[in-house]
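# Structural features, examined
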Amino acid sequence: YGSTRPERILAEVKRKATRGDARSVVDTIDQYCRHQEWAMNVGDEKGTILDSIVCEVKPMAMLELGTYCGYSAVRIASLLPPNSRLITMEFNPVFAAIARQVIAWAGVEDKVVLIEGPSGDWIPKMKKEFGLTSFDLVFLDHWKDCYLPDTKLMEECGLLRTGSILVADNVICPGAPDYLEYVRGSPRYESKYFRSHLEYTRVEDGIEKSVFLG
Ligand SMILES: CCNc1ncnc2c1ncn2[C@@H]1O[C@H](/C=C/CNC(=O)c2cc(-c3ccc(F)cc3)cc(O)c2O)[C@@H](O)[C@H]1O
Ligand SMILES: [Mg+2]
């Protein structure tokens, strides 16, 4: 019967990964997506770049746009300092339900708040709903044509402060050309490209790290 790719990934996690061990959940998903069926997780190679930025920033408040199966939410949460939170946004209820189970299996549910719904609806409500002043770090990995509008919306809603960092996946493949042009051209951002490869392939891709200057 027609199981979906995220359902098959969750089944693999339950079969192969050690409950409560975030690292084994990450490794299980990487193994499965490299050898059985490709899926759009940030993956092991770009994931290492993301890890280094999370460890450097030690964010108390972090946002992820586009949870999908929860791979990067688990990866990030396992590196967060105590009392810090990752808020991850997912508008597909099927994917959100899978991600909740992956996050729970990894034992990081107390560090992750998964909110269901489109970023455009939620971003304007974040401050009030979560008692936030701003995000220290934002990981963009949702629809590529939404990176720019959502970044502008976060600016307008005062969710970025001097020093807030945006980390964007897939700036080469599939690409986010309007976003790249904006963060690289704007005097309000200091941007840096980390060259890598599309998850589980030899195709070029990369991560753009952009510091908001206020
Ligand atoms: C409407 C915008 N707001 C949103 N708010 C909340 N969640 C959203 C939103 N958009 C999309 N989502 C969710 O994020 C996820 C979407 C991610 C889109 N990612 C990609 O398209 C992507 C695609 C590729 C890729 C690369 C090469 C290929 F040949 C084929 C695919 C690789 C990646 O790493 C990717 O991230 C889904 O779970 C979707 O339901
Ligand atoms: Mg991606």
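Quick look at the structure, then. As the structure is a computational prediction, the values presented were derived from the model and not from experiment.

About the thresholds
Residues numbered from 1 in each chain as written. Chains lettered and ligands numbered in written order. Predicted model: local features only at pLDDT ≥ 70, side-chain atom pairs only at ≥ 80, totals over all residues. Heavy atoms only, no water. Helix = DSSP H or I, 4+ residues; strand = E, 2+ residues; numbered from the N terminus. Rg over C-alpha atoms; globule rule 2.2 N^0.38 Å. Contact = heavy atoms within 4.5 Å. Areas by Shrake-Rupley, 256 points an atom, 1.4 Å probe, with all protein chains shown as cover. Lys, Arg positive; Asp, Glu negative; His and termini not counted. Charge placed at Lys NZ, Arg CZ, Asp CG, Glu CD. Phe/Tyr/Trp six-rings, centres within 6.5 Å; stacked < 30°, edge-to-face > 60°. Buried < 20%, exposed > 50% of the residue type's maximum accessible area, 1.4 Å probe, protein only. Lys NZ or Arg CZ within 6 Å of the ring centre and 35° of its normal.

## Considerations on the overall build of the protein
Within the protein, the secondary structure is distributed over 10 helices and seven strands. On C-alpha atoms alone, the protein measures out to a radius of gyration of 16 Å, which is about the 17 Å that the 2.2 N^0.38 rule sets for 214 residues. If you line up the protein on its principal axes, its C-alpha atoms span 50 × 40 × 30 Å. Within the protein, contacts between residues separated by at least 24 positions form 71% of all contacts whose residues are at least 6 apart in sequence. Of the roughly 9,600 Å² of accessible surface on the protein, a fraction of 54% belongs to carbon and sulfur atoms. Placing the 26 positive and 31 negative side-chain charges of the protein at their respective mean positions leaves the two points 3 Å apart.

## Examining the packing of aromatic side chains
Under the counting rule described, the total for this entry stands at six aromatic pairs. Between the aromatic rings of Phe91 and Trp143, the centroid separation amounts to 6.1 Å while the plane-to-plane angle is 70°, which identifies the pairing as edge-to-face. Highlighted residues: Phe91 in the loop between β2 (85–90) and α5 (93–106) and Trp143 in the loop between β4 (135–140) and α8 (147–156), separated in sequence by 52 residues. By relative accessible area, Phe91 is classed as partly exposed at 47%. Taken together, Tyr182, Tyr189 and Phe212 form an aromatic cluster joined through their ring pairs. Here Lys125 stacks its cationic end above the ring of Trp122, 4.3 Å away from the centre of that ring. The residue whose ring lies beneath Lys152 is Tyr182, and the NZ or CZ to ring-centre distance is 5.2 Å.

## Observations concerning the side chain of Asp51
Here Asp51 shows up in helix α3 (residues 43–57). Filtering out sequence-adjacent residues up to four positions away, Asp51 remains in contact with Arg23, Arg75 and Leu79.

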